[in-house]
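Examination of the molecular architecture
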Amino acid sequence: MQTISPTAAHALGDAYIIDVREPEEVARARVDGAVHIPLGSLVARLDEVPRDRTVYLMCAVGGRSAQATQFLAAQGVDAVNIDGGITAWHRSGLPVVAGAPS
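This report concerns the structure included in the present document. (Residues numbered from 1 in each chain as written. Predicted model: local features only at pLDDT ≥ 70, side-chain atom pairs only at ≥ 80, totals over all residues. Heavy atoms only, no water.)

1. Thoughts on the nonpolar core
If you look at the biggest cluster of nonpolar residues, it comprises 14 residues, and the most contacted ones within it are Ile18, Val49, Val55, Leu57 and Leu72. Of all the secondary-structure elements, those providing two or more residues to this core are strand 2 (16-19), strand 4 (55-58) and helix 3 (63-74). Excluding its chain neighbours within four sequence positions, the residues that come into contact with valine 49 are Ile18, Ile37, Leu42, Val55, Leu72 and Val77. If you look at the next biggest cluster of nonpolar residues, it comprises 12 residues, including Ile17, Val80, Ile82 and Trp89. (Core = buried A, V, L, I, M, F, W, Y, C linked by side-chain atoms within 4.5 Å. Buried < 20%, exposed > 50% of the residue type's maximum accessible area, 1.4 Å probe, protein only. Helix = DSSP H or I, 4+ residues; strand = E, 2+ residues; numbered from the N terminus. Contact = heavy atoms within 4.5 Å.)

2. Some words on the side chain of asparagine 81
Mapped onto the elements of the fold, asparagine 81 is located in strand 5 (residues 79-82). With relative accessibility at 4%, the residue asparagine 81 sits in the buried group. Here the side chain of asparagine 81 touches alanine 66 through a polar contact of 3.5 Å, landing on its backbone nitrogen. For asparagine 81, the residues in contact, after removing those within four places along its chain, are Met1, Gln2, Thr3, Ile4, Leu57, Gly62, Ser65, Ala66 and Thr69. (Polar contact = N/O pair within 3.5 Å; in protein donor to acceptor, adjacent residues only side chain to side chain.)

3. Focus on the side chain of serine 65
Note that serine 65 resides in helix 3. For serine 65, a relative accessible area of 0% translates into the label buried. Apart from the residues lying within four places of it in its own chain, the contact partners of serine 65 are Val20, Leu57, Met58, Cys59, Asn81 and Ile82.

4. Brief notes about the environment of threonine 7
By the element assignment, threonine 7 lies in helix 1 (residues 6-11). Along the primary structure threonine 7 and tryptophan 89 are separated by 82 residues, whereas in three dimensions their C-alpha atoms are 7.2 Å apart. Once you skip the residues sitting within four places of it in the chain, threonine 7 turns out to touch Ser92 and Leu94.

5. Thoughts on the pairing of strand 5
Alternating positions in strand 5 separate into two faces, Ala79 and Asn81 on one and Val80 and Ile82 on the other, with burial throughout. Pairing of strand 1 (residues 2-4) with strand 5 involves three bridges; the strand directions are parallel. If you follow threonine 3 over to strand 5, its bridge partner there is asparagine 81. Examined bridge by bridge, strand 4 and strand 5 share three bridges and lie parallel to one another. Each bridged residue has a counterpart across the sheet, and for valine 55 the counterpart in strand 5 is alanine 79. Crossover handedness for the path strand 4 to helix 3 to strand 5: right-handed. (Pairing = 2+ DSSP bridges. Right-handed = clockwise from strand over helix to strand, strands pointing away.)

6. Focus on the pattern of salt bridges
Applying the stated criterion to the full structure yields four salt bridges. As a salt-bridge pair, glutamate 25 and arginine 64 come within 2.8 Å of each other at their nearest N and O atoms. Of this pair, glutamate 25 sits in helix 2 (residues 23-28) while arginine 64 is found in helix 3, placing the two residues 39 residues apart along the sequence. One salt bridge in this structure joins glutamate 48 and arginine 45, with 2.9 Å as the shortest N-O distance. (Salt bridge = Lys/Arg side-chain N within 4 Å of Asp/Glu carboxyl O.)

As structure tokens, then:
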């Protein structure tokens, strides 16, 4: 499974991030611009995942996003897990916003 640090993912600038946490988690803190597809909805929403670029998966600490990364890779998607999830992202001093995405 491919992985990337939060700092390296943020440095990409245009990374396509999918946040697989539950809605209430995303409402507390999220990466601006990340696409929200809860892990439990990923199979049903697979057609929303781009196939023409790398996607980066994030959850709270990395477990659920690792599952999502493995699932998407098995579907032929170039998927990369963000190590440590939004917890590591925030601890690295990277920007997060509060409130549900619009």
